[in-house]
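Summary of structural features
Spelled out, the chains give:
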Amino acid sequence: MLKMGLKKLKVCTFWSVSIWVFVVLSFMVNMVKCQDLNDYDQVDNPAVLPLITALVNSRLSNLTKVLSKDISNQAIFCIKDQEADWNKAFNFSSNLDFLASCIRKTKGNIGRRLCTAAEAKFYFDTFLKSSGATTLRPNKNCNLTSWVSGCEPGWACSTGPNQQVDLENSLAIPARTQDCQACCKGFFCPRGLTCMIPCPLGSHCPVATLNNATGICEPYLYQLPPGRPNHTCGGANIWADVRSSSEVFCSAGSYCSTTTQKKPCGSGHYCRMGSTSEKRCFKLTSCNSNTSNQDLHAYGIMLIAATITLLLIIYNCSDQVLTTRERRLAKTREAAARSTRETTKARQRWKTAKNAAKKHASRLQTHFSQTFSLKKPAKHQEELKILDQTIFETNEDLYAPTHMSTSSESLSSSAPYEGQQMEPGNLMRMVHEKDNPDNYKGFDVGTHDRKPKGHKPKGKQPNTHSQIFKYAYSQLEKEKALQQENKDLTFSGVVSMATNPEIRKRPLIEISFKDLTLTLKGKDKHLLRCVTGKIEPGRITAVMGPSGAGKTTFISALAGKAIGCKMTGLILINGKNESIRSYRKIIGYVPQDDIVHGNLTVEENLRFNAKCRLPAYLSKPDKVLVVERVIESLGLQMVRDSLVGTVEKRGISGGQRKRVNVGLEMVMEPSLLILDEPTSGLDSASSQLLLRALRHEALEGVNICMVLHQPSYALFQMFDDLVLLAKGGLTVYHGSAKKADEYFAGLGIHVPDRVNPPDHFIDILEGIVTPSVSSCVNYEELPVRWMLHNGYPVPPDLQQSAARLAMPSASVGSANGTNAAHAGMEERSFIRELWQDVRSNVELQRDSIRHNFLKFKDLSRRRTPGILWQYRYFLGRVGKQRMREAKIQATDYLILLLAGACLGTLTKTSEENFGAVGYTYTIIAVSLLCKIAALRSFSLDKLQYWRESASGMSSLAYFLAKDTIDHFNTVIKPVLYLSMFFFFTNPRSSFTENYIVLLCLVYCVTGIAYALAIFFQPGPAQLVLRSVVNYSLWSPSEKWL
């Protein structure tokens, strides 16, 4: 009981003492809080000093929060998180020893010496608003008439004893000129102010000591004022930035946990300037004591080795992925072709056996007819027919492709639409007989190319590559069999072929033109004059003539591509006055130059055009069938998997490239096909192969017009119509090619034996060959004779020639009159010619812009894939191109790596400029290297883009696909550069912060490069690019000058 009583007594005593202490402390706290901050007389009391220190710290926190808003608004560009950054600089709650020391030194008078919000704002505004300012402006306490000791650097004064000081007052500066003494450690007292401001964390602000040898108060840079022997060195005097007050910051190789303590950095750690704690070094790095940076060269060397190894692998194995995929696809295709050939042979053997069975059945029927009556053999004959039909149907079902349900379904894409019939006039065009052109009027182009209602393929559609190729090759074999059956075409054979429901009928386009004249703007020069005629569907028209006759201008006018010219006359589409560009989705134009993607294979070029330009409702097997048909008709089977090639990289031959150029337009199944010199550079065999392919297109109703230079006699015989132009763009002959000899023979121009007729006609038009004297024909009169022959109106300047042909005796006089008229023409002045040239160039550029950007109503009624599908197709194509250009990409990456390593090695990062020189070099290097690489995205494919855009492909899909693929470079290039630069310079900012800045830089310069590549040629674009980079690095004053 006694022990229990003692324990209870001890517990009660403990709680009584605790309650007493709590009451005393609460009273003292309340007493301190009630006291004014400017008056503390119990600073020597150890129990009260911590409370006073905490109170002063809270008042300082309120002061710094008031200032943080103003400073953040003025320096928002370099402050990420206002509260976090301010706590890192002025949150002294972890160690308040410097405040306690200052309170004891000032004997509790610290509140009267601290700067108010108005004084602190006055100080910081001097450096933030006045660039280059090093001294403070005169103020209430420090001016020409009042300069106390507290105005000197490192010193501060106090306010009067009866003066109330509000630290959060940001409007008025209080009078502070009494009891001046040295600034406390941990504070800085700038020259021109008589108050103290706490030094931020990361700085070292001890009391200065005088160096008698130099007279400088170290570690600071101010001197004692002359004429004041009792004045001593005070505390810190400045804190603005690392350049002007580097001595205030904690030195490199040391860290300052408080503003009054400085400790050396230990081994295995590194401390930058202004560090408040040690940072542990990474593994594989060497960090000695008192070091400011960790040595990251080991990581840099490892990254260099790994990156170079990766780039070498990409450089040497970039094509293996696509090559392997193409090899597997080729094996699947060959297996499908082999299976189709075997099936076709089996069908042929069965057909032969069936024919033999039919002959045997016929013999049996004859034998039975001789034995029995006439009625019985007829009945038996019907039974044989039914039996034979049953056997044939069973055989067709047996050898039909496994993925198709019926034979008619195999040609679902080629079958005519419901209710569609071939008109009689169209049949006559198929046999190349000219009909009344009024038959084309009212013909709806769109009815043949729209997906019919209820058009749904029956049965299961082929999905795998093997099934698709089997489907395509089976259709090709059937087409070959059909062509073999109609090899010896008669009229009835043509009719049966034209009405065959398994042949797709394309929309027909007839183009007629009347008095078509093209004049070069600004120069009044005729490129084409008074051309009248028409080109019809199902026929091949050859446009021929000497150089300068306007052949290319003529077909460009028909295709709607003539720019910089003034056109007069009429061009009618199926008898309607409509723009030819409204039908561009069903018109193919083959340019004279082979504008083909060289880094794609033959099949990839053709397949891409088929996907983007064929009707959207066509299934994938049908599109593959079209591509396979074109490849076979142009004889490109052996090079289908070969790259077309570029100037730097050898590809297919020139003749094969020309055929690919034609095939790009054939795969979209055009209704009008215009070709500019398709046989140039081809040998005779290749030319005949191309013409046979075009002849097959003409049999399907395609209107074909081409420009040729001196074709061989065999090719000339394959043409249906001939347009012969003379110099100046005048028509010499336009009609059937087979009747050209007859027409010129009527003029007395006979083709000699063993001379090619087109060569002879062109030589006459060139003036190389002179017609016989007996013909009395001059080559300059041939256009006028053609006009008179057809009853066309003769232009005014040629009426004298027409009259001379009517009156031969007046030929000499009229000729002299003409010469006199020409001699009397006044020569134009140089200024007038210069002005006309400038005007012509301006009009040419204006017409080019209108031609490329002006939209026309689509009348073709062909619904091609939309933007999203085209974006998908473009994305696949650009991805393949980039994979084949991996060597160029690897070279770009290697250059970036070397630039990062070199600049990182040469640049010396100092704490004063934060590596500004290295970042300047980085901007120049990264901008130029990334812009040059981005220029290739659009500069090299500009011709291909204009051709695809003119054919109706989406420009937006093209741009988005390019930009999407280039985003890979935008993301990866900053990583490659920083992998060298960052580990060689080891800047203060983190890798992520550097990456974000460089990512934005690369994205911006890539966009600038896109704009330059679109509006300029590659050479001028690079010059403008360099100018843009240099201009961006100029200072504002240099830009103004």
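A word on the overall build of the protein
Scanning the protein from terminus to terminus reveals 31 helices and 19 strands. Counting only residues that meet the buried cut, the protein has 46% of its 1041 residues in that class. Look at the contacts in the protein between residues 6 or more apart in sequence, and 70% of them connect residues 24 or more apart. In the structure as shown, the protein presents an accessible area of about 54300 Å², 58% of it carried by carbon and sulfur atoms.

Topic: the state of the cysteines
Using the criterion set out here, one finds nine disulfides in the structure. A sulfur-sulfur separation of 1.9 Å characterises the disulfide bridge that pairs Cys 142 with Cys 151. Disulfide Cys 142-Cys 151: torsion about the S-S bond near -95°, hence left-handed. On the basis of relative accessibility, which here comes to 2%, the residue Cys 142 falls in the buried class.

Thoughts on helix H13 (residues 602-613)
Over its twelve residues, H13 extends 17 Å from the first C-alpha to the last, a length consistent with the 16 Å expected when each residue adds 1.5 Å. A large share of H13 lies buried, amounting to ten of its twelve residues. Among all positions in H13, only Val 602, Glu 603, Glu 604, Asn 605, Leu 606, Phe 608, Asn 609, Ala 610, Cys 612 and Arg 613 are buried.

Quick word on the packing of aromatic side chains
Ring pairs (aromatic) are described by centroid distance and by the angle formed between their planes. Summed over the entire model, instances satisfying the criterion amount to 22 aromatic pairs. Geometrically, the ring pair formed by Tyr 220 and Tyr 222 is stacked, given 6.2 Å between the ring centres and 10° between the ring planes. For the pair formed by Tyr 220 and Tyr 222, the shared burial category is buried. Aromatic side chains Phe 982 and Phe 991 sit 5.4 Å apart centroid to centroid with 85° between the ring planes, which places their arrangement in the edge-to-face category.

Description of the sheet that holds strand S15 (residues 587-590)
Strands in a sheet are paired, the pairing made by backbone hydrogen bonds, and the direction either parallel or antiparallel. Within the open sheet, the six strands sit side by side as S15-S16-S17-S13-S18-S19. Their pairing is mixed. Of all the strands in the sheet, just S15 and strand S19 (730-736) have a single pairing partner and so form its edges. When strand polarity is set aside, the average angle formed by the axes of neighbouring strands in this sheet is 10°. The strands that helix H12 (residues 551-559) touches are strand S13 (540-544), S15, strand S16 (672-676), strand S17 (703-707) and strand S18 (721-726); relative to S16, the one it contacts most, it runs at about 155°.

A look at a positive patch on the surface
Taken together, Arg 338, Arg 341, Lys 345 and Arg 349 make up a surface patch of like positive charges. Looking at the secondary structure, you find Arg 338 in helix H7 (residues 320-371).

Description of the sheet that holds strand S14 (residues 565-573)
Strand order in the open sheet formed by three strands is S12-S11-S14, with antiparallel pairing between adjacent strands. Edge positions in the open sheet fall to strand S12 (525-535) and S14, since each of these has one partner strand only. Neighbour-to-neighbour, the strand axes of the sheet open up by a mean angle of 5°, direction not taken into account. As paired strands, strand S11 (residues 511-520) and S12 are joined by seven bridges and run antiparallel to one another. By the bridge assignment, Leu 520 is partnered in S12 with Lys 525. Across the sheet, H12 touches S11, S12 and S14, and the angle it forms with S11 is around 120°.

Observations regarding the side chain of Asp 721
Following the sequence through the fold, Asp 721 ends up in strand S18. A relative accessible area of 3% means that Asp 721 is categorised as buried. Engagement of the side chain of Asp 721 in a polar contact is seen with the side chain of Arg 539, the distance being 3.0 Å.

What about the pattern of salt bridges?
Scanning all chains against the criterion turns up 23 salt bridges. Here Arg 629 and Glu 669 are joined by a salt bridge, their closest N and O atoms 3.9 Å apart. Of this pair, Arg 629 sits in helix H14 (residues 620-633) while Glu 669 sits in the loop between helix H15 (654-666) and S16; the two residues are 40 residues apart in sequence, bridging distant segments of the chain. Grouping residues by exposure puts Arg 629 and Glu 669 together as buried. Put simply, Lys 962 and Asp 941 hold a salt bridge, and the shortest N to O gap is 2.8 Å. One end of the pair, Lys 962, is in helix H28 (residues 955-985); the other, Asp 941, is in the loop between helix H26 (916-939) and helix H27 (942-950), and 21 residues separate them in sequence. There is no split in this pair, since Lys 962 and Asp 941 are both buried. Connected via shared salt-bridge partners are Glu 603, Arg 607, Glu 628 and Arg 640.

A closer look at the packing of helix H25 (residues 886-906) against H26
Interaxial distance between H25 and H26 falls to 10 Å at its minimum, and their mutual angle equals 175°. Put simply, H25 runs roughly antiparallel to H26. Side by side, H25 and H26 meet where Ile 888, Asp 892, Ile 895, Leu 896, Ala 899 and Leu 903 of the first sit next to Tyr 921, Thr 922, Ala 925, Leu 929, Ala 933 and Arg 936 of the second. For the contact of H25 with H26, the per-class residue count stands at nine nonpolar, one polar and two charged.

Observations regarding H28
Its 31 residues place the ends of H28 44 Å apart at the C-alpha level, agreeing with the 45 Å of an ideal helix rising 1.5 Å per residue. The largest bend along H28 reaches roughly 35° and is located at Leu 978. The N-cap residue of H28 is Ser 954: its side-chain oxygen and the backbone nitrogen of Leu 956 are 3.4 Å apart.

Overview of the nonpolar core
Formed by 59 residues in total, the largest nonpolar core has its most connected members in Leu 694, Ile 704, Met 706, Phe 719 and Phe 744. Broken down by element, this core gets its largest block of residues, five residues, from helix H16 (residues 684-699). Those residues in contact with Ile 704 that sit more than four places away from it in its chain are Arg 539, Ile 540, Thr 541, Leu 673, Leu 675, Leu 694, Glu 697 and Ala 698. If you look at the next biggest cluster of nonpolar residues, it comprises 48 residues, including Val 48, Val 56, Trp 86 and Cys 199.

Rules used throughout
Residues numbered from 1 in each chain as written. Predicted model: local features only at pLDDT ≥ 70, side-chain atom pairs only at ≥ 80, totals over all residues. Heavy atoms only, no water. Helix = DSSP H or I, 4+ residues; strand = E, 2+ residues; numbered from the N terminus. Buried < 20%, exposed > 50% of the residue type's maximum accessible area, 1.4 Å probe, protein only. Contact = heavy atoms within 4.5 Å. Areas by Shrake-Rupley, 256 points an atom, 1.4 Å probe, with all protein chains shown as cover. Disulfide = S-S within 2.5 Å. Expected span 1.5 Å × (residues − 1). Phe/Tyr/Trp six-rings, centres within 6.5 Å; stacked < 30°, edge-to-face > 60°. Pairing = 2+ DSSP bridges. Axes fitted to C-alpha atoms, helices over the stretch in contact; angles between N-to-C directions. Patch = residues over 30% accessible without salt bridge, like charges linked within 9 Å, V, L, I, M, F, W, Y side chains within 5 Å. Salt bridge = Lys/Arg side-chain N within 4 Å of Asp/Glu carboxyl O. Lys, Arg positive; Asp, Glu negative; His and termini not counted. Charge placed at Lys NZ, Arg CZ, Asp CG, Glu CD. Polar contact = N/O pair within 3.5 Å; in protein donor to acceptor, adjacent residues only side chain to side chain. Parallel < 35°, antiparallel > 145°, perpendicular 65-115°, else oblique. Nonpolar A, V, L, I, M, F, W, Y, C, P; charged D, E, K, R; others polar. Bend = angle between axes of the 7 residues up to and from the residue. Core = buried A, V, L, I, M, F, W, Y, C linked by side-chain atoms within 4.5 Å.

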